[in-house]
Amino acid sequence: MPETVAVRKNRRRALYLVLLAALVLRLLMAAATEGYSYDVNCFTAWGAKLASEGPANFYSEDYFADYPPGYMYVLGLVAAVRDGFGIAWDGALGRMLLALVPALCDCGCAALIFSTAERYLKNAPAVRRLTLFAAFCPMMLFDTAVWKQVDGAFSLPLIACFVLLEDRRWLQSALLYGVALAIKPQAFIAGPVLALCFLAGITRESDVLGRLRALGRTAASALIALAVPMAAGLPFFGVTDLLPSLWEKYLGTASSYPYATVNAFNWFAALGGNWVSLDTTVFGPVTWQTLGNLHIVLLTVALIAAAVVSLRAERFSPLLLSAGYLVGVFTFAHSMHERYLVPGVLLTLLAAARWNDRRLLGAGAGLSFTALVNLSAVYSQNDTDDAWLTSATSALLTRAAGLAETVCCILLLVAVYDIVVYGATVPLVRRGQTISRQPGIDRARKSPAAQPAWTRRELLGLGLLTLATAVVNFVYLGDMTAPQHPLDAQQGAQTVEFTIDSDLEPATLWIYPGVHSGSTLTITDEAGNIVYSDTLGAVFTWQTVALPASTGTHWTAELTGGQVFELSLRGADGSALPVTGGEGLFDEPDAVPETISQLNSMYFDEIYHGRTGYEMLHKMTVYETTHPPLGKDFIMLGIAIFGMTGFGWRFAGTLFGVLLVPLAWCFVRRLTRKPWVAAAAACILALDFMRFSQSRIATIDIYGTFFILLGAHCMVWYAQTALEKGIDNALLPMALGGVAFGCGCAAKWTGIYAGVGLAILYFGVLYARWRRKPANFRQEFVTAAWGGVLFYVLLPFVIYLGAYLPYCWKDPSFGIGDWWNCQVYMYEYHSTLDATHPFESRWYTWLLDLRPVWYYQNSALSADMRGSIAGMGGPVLWLAGLVSILTLAWRQLSGRGSRRGGAVLILYAAQLVPWVFVARCTFLYHYFPSSMFCLAAIGVVLADMKNRRRAKGIAIGLCAASAVLFVWFYPVLSGLPVPSWWAASTLWLPGWGFYFI
């Protein structure tokens, strides 16, 4: 029974809304990002030159312009509009103009995929999934909106050409191929496929006359395809120089990068060929160029064979052959650039829709992900010392991503082989599953199992695991004693005198500075000689300085500004020398540690956040104002309870790190409704490296992560209750979720990222309730509306404001204007930060834990001992979590997903995706909140396994591996001194540089 006109109209209307949203998103992203400087500068300069000098003077001698004329018209038009309206090229509007045409073309590509899927799949959910993936494909979003390249404008005519060839629309396809050729020379890569398609058209004719007509049609198509770039080039080169100039332009561009691979993460990159000269040998006498040419020949022979076989079997498909050939050439040929894969990915998605094959879709999705990593890596390292991706971390990433891309390519080629030779597909949609004629009626769903009741055994297990986690976390955390009474010179210089009551000569001076801003400590001996004079070092960190020979025992110390909590003079044997006098400097000798280590000194960013907790407690002007204050409020409470000691300033964070374990248990339990899965997940988290090390340092990330996970738990609780009992019965989790969201935002702005995921789930629940059409839906809608505003807007705002109460203790006049100035300062600081750090890393390295952050090195150990602290992810949680995330993503894309799997992906993406577009200095610990949803993904995958016995075996294996690795790496995470051989055994990867061996 044919579908109704109304259904078709609704589907088209939905398509237009999706495309509009995709276009708006691209333009907003373009406005917010600067783009790849080299390409943006070229495009801007080319457009300005064309608009001002005209085409005849554009390709002047010694002027660099390696693109053919096709897209220059668009760049010239953009420049003319920009100049006409006085729009700055480097402003938000100027960036939007530059990305407008490629963004429109991206939408055109998505529309092509929609029409192909609609035609061949005949299944509304499958069409919807494929269209959404095409419209919001991260690879295309990054390429067009962030990088600001024109691959969308090039890919649209190229893929449309092969779509038309599926229907044997010869002349139109030739015209579009000519357009693609006029824009970029890479269109030549598709030339062999195009030629075979036209040859196939000739061989399909059964009589001589038909073949002659087909031959004439082929000749006409060739003329049309060549006429387009010639017509585009005519105003630039004139009639006389047209052909030689075009030939030189295309040939020169194709041969301008004589390297095995030019930042393309492919097979050659996996072999270590990135930016390696083509004449370098790979093995024996074989050079990279020889190997690349051999691969091209083999691919072309395979293409011809596939064309012949598929013609005989009536399975000839231009989309299938072009997808396999373009991706194959990118993977195995030489001199490939990172963006040459873009049309191949789009053709693979089109082929998946055309042939209803799950493997093609999987290959396309995998290739799009490796392309995103490829683009991000090149983009983020632009204008840095690692622009050629030669650092140890970049080189490892290049090889790993190149290998992953090759695997995806092989999957694609295997699918092409099966379809061409055997006609065998792995269907996305079973035949007979047609488009729903009643889109307003939701598919029948099994009622979810009830939340299992808590048993005494489970509560005991939870309690014991939490207790064990607390013991491990709080042991060896920090000293519980430290000097508490400083010599304070913040209001003016302080001078004190002291006498050394020992015959031993002072050899070293230990200094324990307090709060200061570049203050100076000067010490003179009895003869007036300066024994020591220097700016104070890191706050609340014991420092040692060697002392020169001195005279007498009666010394004077002068402190100009700031605080010093204690001094200790040491003899040559390291023993403390007794001192009398020196009020405020030598008054707490029992609090001086025997050795200096992380147990009694701050390290890494503790000198900012731990210091600020102390300043808040003592009503001082706070130093760290680049993050909201709630996390530092908690640090302040720990200091208030246990004093300004290593244990005190780390207590609150450690407590939250311990509580993260039972919270994860509850979250995974609610998500999966399986207590054994929750127990396994909590055990893995208890033994995770990042949770352990990041909770034992007095910084604020642990608080944000805790409240992000708590907010996710409350949202899942809300969603389950609302879907099962109605929104009116879900007010408690709604309110608690708002509290958690507010605390997350008040601890760190990354909590705002979580709000995006929470909002998607919140409105998704409302949409699901509308689909079920309950009798009281209007009342539920009202409840959801006022509840959302009250609990997720107003309440978080109040909590955020309340986090600033310590500011009011210091200054009762602190008001809304001052609060707003704090927000402006934070935004300007983070948006303009241009700092670098030896242990910074980018989002794509976080997934594989390639670059841990080296927090601390103990330099007071003997030569054969090592002590360090690093912030790194546990291999079990992070690698198994990544596999689980990819598994859930594939299930959703292929139509076999679940609501809970979709929720985990949304929450994970909300934390990770914003970092894809951040160009400032970032660190591995920014992935910490995302890792919580990697943990949830592991739980969902285990819960979904049909073989429960196997699932439990895997869970036990993961927990056991986590325990072994935790013991092995405990010294790296805690700073425990170990022999050099043990330290060396933990340096698995080149980027794991947290010991000097």
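As the structure is a computational prediction, the values presented were derived from the model and not from experiment.

Caption draft 1: Up close: the overall build of the protein. Secondary structure assignment for the protein yields 34 helices and 17 strands. Expected size for 997 residues packed as a compact globule is a radius of gyration near 30 Å; at 33 Å, the protein falls within 12% of this value. Its C-alpha atoms give the protein principal-axis dimensions of roughly 115 × 75 × 60 Å. Every one of the 997 residues in the protein was classed for burial, and the buried ones make up 57%. Here the analysis covers contacts within the protein between residues at least 6 apart in sequence; of these, 76% occur between residues at least 24 apart. Positive and negative charge centroids in the protein, built from 69 and 65 side chains respectively, lie 25 Å apart.

Caption draft 2: Structural detail: the packing of helix H13 (residues 318-332) against helix H16 (residues 392-422). Put simply, H13 and H16 touch, their axes get as near as 10 Å, and they point 150° apart. Taken together, the axes of H13 and H16 are roughly antiparallel relative to one another. Regarding H13 and H16, the two cross each other, and that crossing is left-handed. Here Leu320, Leu321, Ala323, Gly324, Val327, Gly328, Phe330, Thr331 and Phe332 of H13 come into contact with H16, specifically with Glu405, Thr406, Cys409, Leu412, Leu413, Val416, Ile419 and Val420. Classifying every residue of the contact of H13 with H16 gives twelve nonpolar, four polar and one charged.

Caption draft 3: The sheet that holds strand E11 (residues 554-560), seen in detail. On the basis of which strands lie adjacent, the open sheet formed by five strands has the order E9-E8-E11-E6-E13 and antiparallel pairing. Every other strand in the sheet has two partners, leaving strand E9 (530-535) and strand E13 (579-581) as the edge strands with one partner each. Averaged over all adjacent pairs, the angle separating strand axes in this sheet is 20°, with direction ignored.

Caption draft 4: How the structure looks around the sheet that holds strand E5 (residues 487-488). Spatially, the four strands line up as an open sheet ordered E5-E12-E7-E10, and their pairing is antiparallel. Every interior strand has two partners, whereas the edge strands, E5 and strand E10 (543-546), have only one. Pairing between strand E7 (residues 508-513) and strand E12 (residues 563-570): six bridges, direction antiparallel. Within E12, the position partnered with tryptophan 510 by the bridge is serine 568.

Caption draft 5: The UniProt feature "domain: ArnT-like N-terminal" (unreviewed entry) in the protein, seen in detail. If you check UniProt for "domain: ArnT-like N-terminal" (unreviewed entry), the listed places come out as residues 643-806 in our numbering. Across residues 643-806 one finds 85% helix and 0% strand; the C-alpha atoms that close the span lie 18 Å apart.

Caption draft 6: Spotlight on unusual backbone geometry. If you check the backbone angles, phenylalanine 540 has positive phi at about 50° while not being a glycine. Structurally, phenylalanine 540 can be placed in the loop between E9 and E10. Look at phenylalanine 604: it is not a glycine, yet its phi comes out positive at around 50°. Along the chain, phenylalanine 604 turns up in the loop between E13 and helix H18 (606-617).

Caption draft 7: Quick look at the packing of aromatic side chains. Counted by the stated rule, this structure contains 85 aromatic pairs. When the centroid spacing of 6.5 Å and the interplanar angle of 40° are considered together, the rings of tryptophan 46 and phenylalanine 64 count as tilted. Placement of tryptophan 46 in helix H2 (residues 37-53) and of phenylalanine 64 in the loop between H2 and helix H3 (72-84) is noted, with a sequence separation of 18 residues between them. When its relative accessible area of 42% is taken as the criterion, phenylalanine 64 is described as partly exposed. An aromatic cluster is present here, built from Trp510, Tyr512, Phe540, Trp542, Phe565, Tyr614 and Trp649 joined pairwise through their rings. The positively charged end of arginine 611 is found above the aromatic ring belonging to tyrosine 623, 4.0 Å away from the centroid. Lying over the aromatic face of tryptophan 454, arginine 669 brings its terminal NZ or CZ to 4.0 Å of the ring centre.

Caption draft 8: Spatial organisation of the pairing of E7. Across the six residues that make up E7, a large majority, five, are buried. Note: E7 against E10, four bridges, orientation antiparallel. When the sheet's bridge partners are listed, threonine 508 is paired in E10 with alanine 546.

Caption draft 9: Broad picture of helix H4 (residues 92-120). In this model H4 runs 41 Å from its N-terminal to its C-terminal C-alpha over 29 residues, within 8% of the 42 Å that 1.5 Å per residue would give. Its maximal kink placed at leucine 100, H4 deviates by approximately 45°, while the proline proline 102 follows within four residues. Downstream of H4 by one or two residues, lysine 122 has phi in the positive range, about 55°.

Caption draft 10: Representation of the side chain of glutamate 405 within the structure. Structurally, glutamate 405 can be placed in helix H16. Excluding residues that lie within four positions of it along the chain, glutamate 405 makes contacts with Phe265, Asn266, Trp267, Val327, Phe330, Thr331, Leu341, Leu367 and Thr370.

Caption draft 11: View of empty space enclosed by the protein. This model, assessed by the stated rule, comprises eight cavities of 30 Å³ or more. Of the volumes computed, that of the largest cavity is approximately 100 Å³. Considering the residues around the largest cavity, the lining is formed by Asp151, Phe154, Lys184, Gln186, Ile189, Leu326, Val329, Phe330, Met336, Arg339, Tyr340 and Pro343. Of all the secondary-structure elements, those providing two or more residues to the lining of the largest cavity are helix H7 (151-166) and H13. For the lining of the largest cavity, the per-class residue count stands at eight nonpolar, one polar and three charged. In this structure, the second largest cavity spans a volume of roughly 80 Å³. Forming the walls of the second largest cavity are 13 residues, and the residues nearest its centre are Ser380, Arg842, Trp843, Val916 and Val918. Counting only elements with at least two residues in the lining of the second largest cavity, the list comes to helix H15 (358-380), helix H29 (843-846) and helix H31 (899-916).

Caption draft 12: Looking closely at the packing of H7 against helix H14 (residues 342-355). At a minimum axis separation of 9 Å, H7 and H14 run at an interaxial angle of 35°. As H7 packs across H14, the resulting crossing turns out to be right-handed. Packed against H7, whose contacting residues are Asp151, Phe154, Ser155, Leu158, Ile159, Phe162, Val163 and Glu166, the element H14 presents Val342, Pro343, Leu346, Leu347, Leu350 and Arg354 at the interface. Tallied by class, the residues present in the contact of H7 with H14 amount to ten nonpolar, one polar and three charged.

Caption draft 13: Just the nonpolar core, in detail. Phe540, Phe667 and Trp843 are the most contacted members of the largest nonpolar core, which totals 284 residues. With 13 residues, helix H23 (residues 701-725) is the single largest residue contributor to this core. Sequence-distant contacts of tryptophan 843, defined by excluding residues within four places in its chain, comprise Leu372, Val373, Ser376, Leu912, Trp915 and Val916. Within the second largest apolar cluster, 23 residues are counted, among which are Phe498, Leu521, Ala557 and Val579.

Caption draft 14: Highlighting a nonpolar patch on the surface. A contiguous nonpolar patch, built from Leu731, Phe781, Val782, Trp786, Val789, Leu790, Val793 and Leu794 and spanning about 670 Å² of accessible area, is present on the exposed surface. It is helix H26 (residues 777-802) that provides the largest number of residues to the nonpolar patch, a total of seven residues. Among the secondary structure elements, leucine 794 is positioned in helix H26. A residue is classified by how much of its surface remains accessible, and leucine 794, at 46% relative accessible area, is partly exposed.

Caption draft 15: Layout of the pattern of salt bridges. One pass over the full model with this rule turns up 21 salt bridges. Where arginine 12 meets glutamate 118, a salt bridge forms, and the shortest distance between an N and an O atom there is 3.0 Å. A residue pair is termed long-range when its members are at least 10 positions apart, and arginine 12 in helix H1 (residues 5-32) and glutamate 118 in helix H4 qualify at 106 residues. One salt bridge in this structure joins arginine 339 and aspartate 151, with 3.4 Å as the shortest N-O distance. Remark: aspartate 151 occurs in helix H7 and arginine 339 occurs in the loop between strand E4 (336-337) and H14; sequence separation between them is 188 residues. Per residue, the accessibility class of arginine 339 equals that of aspartate 151, and both read buried. Sharing partners across several salt bridges, the network here consists of Asp151, Lys184, Glu338 and Arg339.

Caption draft 16: Geometry of the environment of phenylalanine 642. If you trace the backbone, phenylalanine 642 turns up in helix H19 (residues 630-642). Taking the relative accessible area as the measure of exposure, phenylalanine 642 reaches 27% and is therefore partly exposed. For the pair phenylalanine 642 and aspartate 90, spaced 552 residues apart in sequence, the C-alpha separation works out to 52 Å. The residues contacting phenylalanine 642, other than those within four sequence positions of it, are Met480, Phe647, Gly648 and Phe651.

What counts, and at which threshold
Residues numbered from 1 in each chain as written. Predicted model: local features only at pLDDT ≥ 70, side-chain atom pairs only at ≥ 80, totals over all residues. Heavy atoms only, no water. Helix = DSSP H or I, 4+ residues; strand = E, 2+ residues; numbered from the N terminus. Rg over C-alpha atoms; globule rule 2.2 N^0.38 Å. Buried < 20%, exposed > 50% of the residue type's maximum accessible area, 1.4 Å probe, protein only. Contact = heavy atoms within 4.5 Å. Lys, Arg positive; Asp, Glu negative; His and termini not counted. Charge placed at Lys NZ, Arg CZ, Asp CG, Glu CD. Axes fitted to C-alpha atoms, helices over the stretch in contact; angles between N-to-C directions. Parallel < 35°, antiparallel > 145°, perpendicular 65-115°, else oblique. Left-handed = near helix turned anticlockwise from the far one by under 90°. Nonpolar A, V, L, I, M, F, W, Y, C, P; charged D, E, K, R; others polar. Pairing = 2+ DSSP bridges. UniProt positions renumbered as here; feature names shortened; annotations may be inferred. Phe/Tyr/Trp six-rings, centres within 6.5 Å; stacked < 30°, edge-to-face > 60°. Lys NZ or Arg CZ within 6 Å of the ring centre and 35° of its normal. Expected span 1.5 Å × (residues − 1). Bend = angle between axes of the 7 residues up to and from the residue. 1 Å grid on protein atoms, 1.4 Å probe; cavity = no way out; pocket = protein on both sides within 12 Å on 5 of 7 lines; lining within 4 Å. Points joined across faces, edges and corners; volume = space filled by probe spheres on them. Core = buried A, V, L, I, M, F, W, Y, C linked by side-chain atoms within 4.5 Å. Patch = residues over 30% accessible without salt bridge, like charges linked within 9 Å, V, L, I, M, F, W, Y side chains within 5 Å. Areas by Shrake-Rupley, 256 points an atom, 1.4 Å probe, with all protein chains shown as cover. Salt bridge = Lys/Arg side-chain N within 4 Å of Asp/Glu carboxyl O.

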